[in-house]
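Tertiary structure, described
Residues per chain are reported as follows:
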Amino acid sequence: MRFGRRFDDQRQEMVLGLRSRGISDPNVLNVMGELPRHVFVTDMWLSRAYEDSALPIACDQTISQPFTVAFMTQLLAVRHGSKVLEVGTGSGYQAAVLAMLGARVFTIERHMDLMNAARKIFDHLGLTIASKTGDGSIGWSEFAPYDRIIVTAGAPDVPPSLSRQLADGGVLVVPVGTQSAQTMIRVTRKGDRFQTERFEGFKFVPLVGKEGWQKHRPGE
Ligand code: SAH
């Protein structure tokens, strides 16, 4: 056990729950069964760290629900060594899941406080993850193209910059919709063709930025 046994029973319970809700990728289940989620939440929420729900983090944001993390990670189908861009670091949990799957992770967060907190956790867990504070709706062109891109905030449309920064054969997963409800979209790039699949019923905090929402309108 790489990270110790604290909350082990609750974590295994969480994994059983994910399995019963249809998550079947053994690598995703193994990693989520090992990675401590409780280190990504504030003390106030410690006892609920393994519930299948989103929880508040600083800057009025949330750590995504475990099912959503598992679902998106499964859709992304990362391989060992895949170069992955994550937009919306938040707590850092999703980035850590990807790193533990063997991906080379690049993650962007617009709130500096969240970025700093996530970096501390990555160090504490011994995970190597490239990160920067900024507007990820326009991607991170310096290191493009990416084999995989995952957006963990709700966008009004698929940001064109992200499609452009996707490698041939690459996969982009992004929730798209209004600020109150989104459809998960998986875009697969084949040369200049972009094939799209949709999965209904998700709710994220908004992607705020140049190719996202201009501002967060709570309740809309
Ligand atoms: N992946 C995160 C989910 C955090 S919620 C986790 O595992 O905890 C989504 C995050 O996206 C929030 O922290 C929000 O501040 C961030 N965000 C919203 N718009 C962004 C943008 N344009 N660029 C970078 N981060 C953004």
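In what follows, the structure referred to is the one given above.
We now turn to the structure provided with this report. As the structure is a computational prediction, the values presented were derived from the model and not from experiment. (Residues numbered from 1 in each chain as written. Predicted model: local features only at pLDDT ≥ 70, side-chain atom pairs only at ≥ 80, totals over all residues. Heavy atoms only, no water.)

**So, the sheet that holds strand S8 (residues 182–190)**
Here 7 strands make up an open sheet; going across it, the order is S5-S4-S3-S6-S7-S8-S9 and the pairing mixed. Each having just a single partner strand, strand S5 (130–133) and strand S9 (193–202) make up the two edges of the open sheet. Averaged over all adjacent pairs, the angle separating strand axes in this sheet is 15 degrees, with direction ignored. One ladder, built from 8 bridges, connects S8 with S9; its direction is antiparallel. In the sheet register, Lys 190 faces S9, and the bridge partner there is Arg 193. In this fold helix H4 (residues 93–100) packs onto strand S3 (83–87), strand S4 (104–109) and strand S6 (146–151), with an angle of close to 170 degrees to the strand it touches most, S4. (Pairing = 2+ DSSP bridges. Helix = DSSP H or I, 4+ residues; strand = E, 2+ residues; numbered from the N terminus. Axes fitted to C-alpha atoms, helices over the stretch in contact; angles between N-to-C directions. Contact = heavy atoms within 4.5 Å.)

**Observations regarding the site of the ligand**
Within the structure, the ligand sits among 26 residues, and Ser 91, Glu 109, Asp 135, Gly 136 and Val 208 are positioned closest to it. Measuring from an oxygen atom of the ligand, one finds a side-chain N or O atom of Ser 91 at 2.6 Å. Listed by contribution, the elements that provide at least two residues to the shell around the ligand are strand S2 (61–63), H4 and S4. No other element matches the 3 residues that S2 contributes to the shell around the ligand. Per-class residue counts for the shell around the ligand are 9 nonpolar, 13 polar and 4 charged. (Near = heavy atom within 4 Å. Polar contact = N/O pair within 3.5 Å; in protein donor to acceptor, adjacent residues only side chain to side chain. Nonpolar A, V, L, I, M, F, W, Y, C, P; charged D, E, K, R; others polar.)

**Some words on the packing of helix H2 (residues 26–34) against H4**
One way to put it is that H2 packs onto H4 with a least axis distance of 10 Å and a crossing angle of 120 degrees. In terms of orientation, H2 and H4 fall into the oblique class. Remark: the crossing between H2 and H4 carries right-handed chirality. From H2, Val 31, Met 32 and Glu 34 reach across to H4, where they touch Tyr 93, Val 97 and Met 100. (Parallel < 35°, antiparallel > 145°, perpendicular 65-115°, else oblique. Left-handed = near helix turned anticlockwise from the far one by under 90°.)

**Re the pairing of S5**
Where S4 and S5 come together, 4 bridges link them in parallel fashion. Considered in S5, the bridge of Thr 107 is made with Ser 131. Where the polypeptide runs from S4 across helix H5 (residues 112–125) and back to S5, its parallel neighbour, the crossover connection is right-handed. (Right-handed = clockwise from strand over helix to strand, strands pointing away.)

**Observations regarding the packing of helix H3 (residues 66–76) against H4**
Interaxial distance between H3 and H4 falls to 11 Å at its minimum, and their mutual angle equals 40 degrees. Classified by the angle between their axes, H3 and H4 sit oblique to one another. Two packed elements cross with a definite hand, and for H3 against H4 that hand is right-handed. Side by side, H3 and H4 meet where Val 69, Met 72, Thr 73 and Leu 76 of the first sit next to Tyr 93, Gln 94, Val 97 and Leu 98 of the second.

**Section: the side chain of Arg 186**
Within the secondary structure layout, Arg 186 lies in strand S8. Engagement of the side chain of Arg 186 in a polar contact is seen with the backbone oxygen of Leu 75, the distance being 2.7 Å. Ignoring any residue separated from it by four or fewer positions in sequence, one finds Arg 186 in contact with Leu 75, Val 171, Leu 172, Val 173, Gln 195, Thr 196, Glu 197 and Phe 199.

**With respect to the environment of Met 32**
Counting through the fold element by element, Met 32 comes out in helix H2. Between the C-alpha atom of Met 32 and that of Val 171, which follows or precedes it by 139 residues, the distance is 21 Å. Those residues in contact with Met 32, other than ones at most four positions away along the chain, are Arg 11, Met 14, Val 15, Leu 18, Pro 66, Val 69, Ala 70, Tyr 93 and Val 97.

**Describing H4**
When you tally the buried positions in H4, you get 8 out of 8 residues, the bulk of the element. Those residues of H4 lying buried are Tyr 93, Gln 94, Ala 95, Ala 96, Val 97, Leu 98, Ala 99 and Met 100. Gly 102 occupies a position one or two residues after H4 and carries a positive phi of about 95 degrees. (Buried < 20%, exposed > 50% of the residue type's maximum accessible area, 1.4 Å probe, protein only.)

**Quick look at H3**
Counted residue by residue, H3 has 10 buried out of 11 residues, so it is predominantly covered. Those residues of H3 not exposed but buried are Pro 66, Phe 67, Thr 68, Val 69, Ala 70, Phe 71, Met 72, Thr 73, Leu 75 and Leu 76. The first or second residue beyond H3 is Ala 77, which carries a positive phi of 50 degrees.

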